[in-house]
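Each chain, written out:
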Amino acid sequence: MARIILLSFLTICLSACGTNSVVNSVKIERVKIPAELLEIPPLSRPQVSNELEILNAYSLLFYHYKRCTINMEQIKKLNEGGE
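Residues numbered from 1 in each chain as written. Predicted model: local features only at pLDDT ≥ 70, side-chain atom pairs only at ≥ 80, totals over all residues. Heavy atoms only, no water.

## Things to note about the overall build of the chain
Part 1 of the argument: Counting its secondary structure elements, the chain contains 3 helices and 0 strands.
Part 2 of the argument: Taken from the N to the C terminus, the helices and strands of the chain come in the order α-α-α.
Part 3 of the argument: Summarising the internal contacts of the chain: among those between residues at least 6 apart in sequence, 76% fall at separations of at least 24. (Helix = DSSP H or I, 4+ residues; strand = E, 2+ residues; numbered from the N terminus. Contact = heavy atoms within 4.5 Å.)

Next comes the structure, spelled out in structure tokens:
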């Protein structure tokens, strides 16, 4: 339960980061979220020794970032009652 509330809070925070909006009210609803959308394995710190490995590390980081954003979008759809 705490994971869902924390994730919802983070979703609100991340979606409001790019705007100058203010949250006036918060409504908490129970939503069944599949475990695969909530679990994200931690990334290991890359060991790099040249520019190609640095590019690969950034590429991997971006891949995981996009995966997180896709999971957040799917959670938003579930929260809105879609899909």
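## Quick word on the packing of aromatic side chains
Part 1 of the argument: Evaluated as defined, the whole model comprises 1 aromatic pair.
Part 2 of the argument: Plain terms: the ring middles of Phe 62 and Tyr 65 are 6.0 Å apart, the flat faces sit at 35° to each other, and that makes the pair tilted. Separated by 3 residues within a single helix, Phe 62 and Tyr 65 lie in helix H3 (residues 51–80), roughly one turn from each other. (Phe/Tyr/Trp six-rings, centres within 6.5 Å; stacked < 30°, edge-to-face > 60°.)

## Observations concerning a nonpolar patch on the surface
Part 1 of the argument: Side chains of Leu 43, Val 48, Ile 54, Tyr 58 and Leu 61 sit close together on the surface and give an oily, nonpolar patch of about 480 Å² of accessible area.
Part 2 of the argument: Take Leu 43: it is sitting in the loop between helix H2 (35–38) and H3. (Patch = residues over 30% accessible without salt bridge, like charges linked within 9 Å, V, L, I, M, F, W, Y side chains within 5 Å. Areas by Shrake-Rupley, 256 points an atom, 1.4 Å probe, with all protein chains shown as cover. Salt bridge = Lys/Arg side-chain N within 4 Å of Asp/Glu carboxyl O.)

## Some remarks on the environment of Cys 68
Part 1 of the argument: Its place among the elements puts Cys 68 in helix H3.
Part 2 of the argument: For Cys 68, a relative accessible area of 24% translates into the label partly exposed.
Part 3 of the argument: Linking Cys 68 and Leu 37, residues 31 residues apart in sequence, is a C-alpha distance of 8.4 Å. (Buried < 20%, exposed > 50% of the residue type's maximum accessible area, 1.4 Å probe, protein only.)

## Quick look at the confidence of the model for the chain
Part 1 of the argument: Here the chain averages 78 in pLDDT, while 71% of its residues score no lower than 70.
Part 2 of the argument: Per-residue pLDDT, averaged within each element of the chain, yields its smallest value for helix H1 (residues 2–16) (52) and its largest for H3 (92). (pLDDT = per-residue confidence, 0-100.)

## Observations concerning H3
Part 1 of the argument: Between its first and last C-alpha atoms H3 spans 43 Å; for 30 residues at 1.5 Å apiece the expected length is 44 Å, and the two agree.
Part 2 of the argument: Buried within H3 we find His 64, Asn 71, Met 72 and Ile 75.
Part 3 of the argument: At the N-terminal boundary of H3, the capping side chain belongs to Asn 50, with an oxygen 3.1 Å from the backbone nitrogen of Leu 52.
Part 4 of the argument: At the exit of H3 stands Gly 81, carrying a positive phi of roughly 90°. (Expected span 1.5 Å × (residues − 1). Polar contact = N/O pair within 3.5 Å; in protein donor to acceptor, adjacent residues only side chain to side chain.)

## Regarding the pattern of salt bridges
Part 1 of the argument: Inspection of the entire model under this criterion finds 1 salt bridge.
Part 2 of the argument: Between Lys 76 and Glu 73 there is a salt bridge, and its shortest N-O distance comes to 3.7 Å. Pair noted here: Lys 76 and Glu 73 are both in helix H3, with a separation of 3 residues, about one helical turn.

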